[in-house]
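Structural characterization, general
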Amino acid sequence: MEHVRVLVVDDHAHAREAICSILSEDSLFEVIGTASNGQEALELTGQWMPDLILMDVQMPGMDGLEATRQIKLRFPYVIVVMVTVSDDVTFLFEALKQGAQGYLLKNLTPSTWLEYLRAIVSDDAPLSKELAYRILQEFPAPRSEDMQDNPLTARELEILQWVSAGYTNREIADQLGISDQTVKNHLKNILQKLQLENRVQLTRYALESGLAGRKLRK
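Residues numbered from 1 in each chain as written. Predicted model: local features only at pLDDT ≥ 70, side-chain atom pairs only at ≥ 80, totals over all residues. Heavy atoms only, no water.

Moving on to the overall build of the protein. Each helix and strand counted, the protein has 11 helices and 5 strands in total. As presented, the protein carries roughly 11100 Å² of accessible surface, and 49% of it is formed by carbon and sulfur atoms. (Helix = DSSP H or I, 4+ residues; strand = E, 2+ residues; numbered from the N terminus. Areas by Shrake-Rupley, 256 points an atom, 1.4 Å probe, with all protein chains shown as cover.)

Take the nonpolar core next. Grouped together as the largest cluster of nonpolar side chains are 20 residues, with contacts concentrated most on V9, A41, I53, M55, I71, V80 and M82. Elements supplying a minimum of two residues to this core: strand 1 (4-9), helix 2 (38-48), strand 3 (52-56), helix 3 (64-74) and strand 4 (79-84). Those residues within four positions of A41 in sequence are excluded, and the remaining contacts are L7, V9, A35, M55 and I71. (Core = buried A, V, L, I, M, F, W, Y, C linked by side-chain atoms within 4.5 Å. Buried < 20%, exposed > 50% of the residue type's maximum accessible area, 1.4 Å probe, protein only. Contact = heavy atoms within 4.5 Å.)

Turning to the side chain of T68, a few remarks are in order. On the secondary structure map, T68 appears in helix 3. Within the structure, the side chain of T68 is placed 2.7 Å from the backbone oxygen of G64, a separation counted as a polar contact. Sequence-distant contacts of T68, defined by excluding residues within four places in its chain, comprise M55, V80, M82, Q98, G99 and A100. (Polar contact = N/O pair within 3.5 Å; in protein donor to acceptor, adjacent residues only side chain to side chain.)

Now for the packing of helix 8 (residues 154-164) against helix 11 (residues 199-209). Relative placement of two packed helices is described by the angle separating their axes and the distance separating the axes. Where helix 8 contacts helix 11, the axes come no closer than 9 Å and their chain directions differ by 105°. Between helix 8 and helix 11, the angle is such that the two are roughly perpendicular. Here helix 8 contributes L160, V163 and S164 to the contact with helix 11, which in turn contributes R199, L202, T203, Y205 and A206. For the contact of helix 8 with helix 11, the residue count by class is 5 nonpolar, 2 polar and 1 charged. (Axes fitted to C-alpha atoms, helices over the stretch in contact; angles between N-to-C directions. Parallel < 35°, antiparallel > 145°, perpendicular 65-115°, else oblique. Nonpolar A, V, L, I, M, F, W, Y, C, P; charged D, E, K, R; others polar.)

Attention now moves to the pairing of strand 4. Within strand 4, 6 of the 6 residues are buried, which leaves it mostly tucked inside the rest of the structure. Covered by surrounding structure in strand 4 are I79, V81 and V83 together with V80, M82 and T84, the residues of both alternating faces. Bridge analysis of strand 3 against strand 4 gives 5 bridges, and the strand direction is parallel. If you follow L54 over to strand 4, its bridge partner there is V81. Taken together, strand 3, helix 3 and strand 4 form a β-α-β motif whose crossover is right-handed. (Pairing = 2+ DSSP bridges. Right-handed = clockwise from strand over helix to strand, strands pointing away.)

Right, dumping it as structure tokens:
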């Protein structure tokens, strides 16, 4: 990936400037525009087709949650990361339900921002275990017929369980004694077989199907 084209959305001008300044420190990210509210973000997404949107949550008019919902409906390929001052798990869970792939707290250091965003665009940013638990509570117990239809191999199921437990690709590789690239290739196959797009959806699938609760081999 040569460049990740980014749309920055925040109703405060200083916040937009600060986010753009952080992104300018990493040549991977190219800010292609900014927006001050959700409606503007929706319109600019249609015009500029960004790869990544950094979306403030609380904005006048259309807020970040509603903007994310509408953007993901119209442009499902776009990665949306919520930017917030709150680490309230209930609130962040709602953002993920609207289609967001991740979230960043505004008080984190610039280096943490860049490290996390690199992980997000390479699909290697794990969910917190607390958020995973909240997702689990949202779904009923799996049906036996659903389990029988699972198309994954034994190794793919194993990797799926590690992903749903909040491990990165490198950590999974270390646990299983394989390379990072092998883990990435398995994940591509898993996502393709399950017709999913990212780790958030994959974690949700694992929890919904009951696979995340199985004991991991270390």
